[in-house]
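# Residue-level structural notes
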Amino acid sequence: MPGDGRIPVLPGLGTSWYERGVRYWMRRTGTGVLWLAVLAFFCFVSLSLYSGFREVLPSGVRTVWDVAQAVAACVAVVWGWVVQRRAHRRDLLDPPSPGRARARRRASAGRSTGLAVLGRGLVVIAAPVMPAFAAFCVGWSVAVLTVREYPTEVGARRALQG
């Protein structure tokens, strides 16, 4: 790759990352809009599961649980943000080369199917804390989508420079 002078194709960004022009920002914006829709649906499902759980609680306990859940959600959104920003900072210190980024993406895609199947069963058990979990996911996702530059871009630039 670095020897032949071609711009590496990065997952999700193609070659648009190199010039960071209109195509790049369209891809980044499109990713953000898609994630907004996915997160909105996930939050809806989480709140629906939670409301089903809270209906079986006595009214006095329900109020206390709702307040605890609101506090936990506020903490979780900040925690999700911090976890992702720390991981981003760590990845920027050792950015992946284009080949390593593709291999990492393939490896995570293979694990995601098993985790999705496992998650279906755990969602029923996790219903009492689903709003806090959804808030963590929102904080984490917003932190991912609002970075100035992805570690894969930094790694690809370093690979181009040799």
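Data block above holds the structure.
Predicted model, so just to flag it, every value in this text is computed and none were measured.

### A word on the overall build of the chain
Helices and strands together make up the secondary structure of the chain, namely five helices and zero strands. Reading the secondary structure of the chain in the N-to-C direction produces α-α-α-α-α. Looking at the chain residue by residue over its 162 residues, the buried ones come to 27%. Long-range pairs, those at least 24 residues apart, make up 78% of the contacts in the chain with a sequence separation of at least 6.

### Concerning the nonpolar core
Within the largest apolar cluster, seven residues are counted, these being L10, L13, W17, Y24, V147, Y150 and A156. The residues touching Y24, leaving out its near neighbours within four places in the chain, are L13, S16, W17, R148 and E153. If you look at the next biggest cluster of nonpolar residues, it comprises five residues, including A73, A132, A135 and F136.

### A short note on the packing of helix α2 (residues 59-93) against helix α4 (residues 130-145)
In contact at an axis separation of 7 Å, α2 and α4 are set at 30° when each is read in the N-to-C sense. With respect to α4, the element α2 is oriented roughly parallel. Between α2 and α4 lies a crossing whose hand is right-handed. Taking contact as the criterion, the partners of Q69, A72, A73, A76, V77, W79, G80, W81, V83, Q84 and R85 in α2 are, on α4, P131, A132, A135, F136, V138, G139, W140, V142, A143 and V144. Of the residues contributing to the contact of α2 with α4, the split by class is 16 nonpolar, four polar and one charged.

### Comments concerning the packing of aromatic side chains
The geometry of an aromatic ring pair is captured by the separation of the ring centres together with the interplanar angle, meaning the angle of the planes. In the structure shown here, the tally under the stated rule is six aromatic pairs. Their ring planes at 40° and their centres at 6.4 Å tell us that Y50 and F53 sit as a pair that is tilted. Here the residue Y50 and the residue F53 both occupy positions in helix α1 (residues 22-54), the gap between them amounting to three residues, near one helical turn.

### Here's the deal with the pattern of salt bridges
Under the criterion given, the structure shown has five salt bridges. Taking the shortest distance from any N to any O, the salt bridge between R20 and E149 comes out at 4.0 Å. You can see R20 sitting in the segment before α1 and its partner E149 sitting in the loop between α4 and α5 (151-161), a full 129 residues away along the chain. R20 sits in the partly exposed class, given a relative accessible area of 22%. D94 is the partner of R100 in a salt bridge, and the nearest nitrogen-oxygen pair spans 3.8 Å. Shared partners join several salt bridges into a network, and the residues in it are R20, E149, E153 and R157.

### Thoughts on the environment of F133
Note on placement: F133 falls in helix α4. Expressed as a C-alpha distance, the spacing of F133 and A72, which sit 61 residues apart in the sequence, is 8.9 Å.

Rules used throughout
- Residues numbered from 1 in each chain as written.
- Predicted model: local features only at pLDDT ≥ 70, side-chain atom pairs only at ≥ 80, totals over all residues.
- Heavy atoms only, no water.
- Helix = DSSP H or I, 4+ residues; strand = E, 2+ residues; numbered from the N terminus.
- Buried < 20%, exposed > 50% of the residue type's maximum accessible area, 1.4 Å probe, protein only.
- Contact = heavy atoms within 4.5 Å.
- Core = buried A, V, L, I, M, F, W, Y, C linked by side-chain atoms within 4.5 Å.
- Axes fitted to C-alpha atoms, helices over the stretch in contact; angles between N-to-C directions.
- Parallel < 35°, antiparallel > 145°, perpendicular 65-115°, else oblique.
- Left-handed = near helix turned anticlockwise from the far one by under 90°.
- Nonpolar A, V, L, I, M, F, W, Y, C, P; charged D, E, K, R; others polar.
- Phe/Tyr/Trp six-rings, centres within 6.5 Å; stacked < 30°, edge-to-face > 60°.
- Salt bridge = Lys/Arg side-chain N within 4 Å of Asp/Glu carboxyl O.

By themselves, these observations are geometric and do not establish any function.
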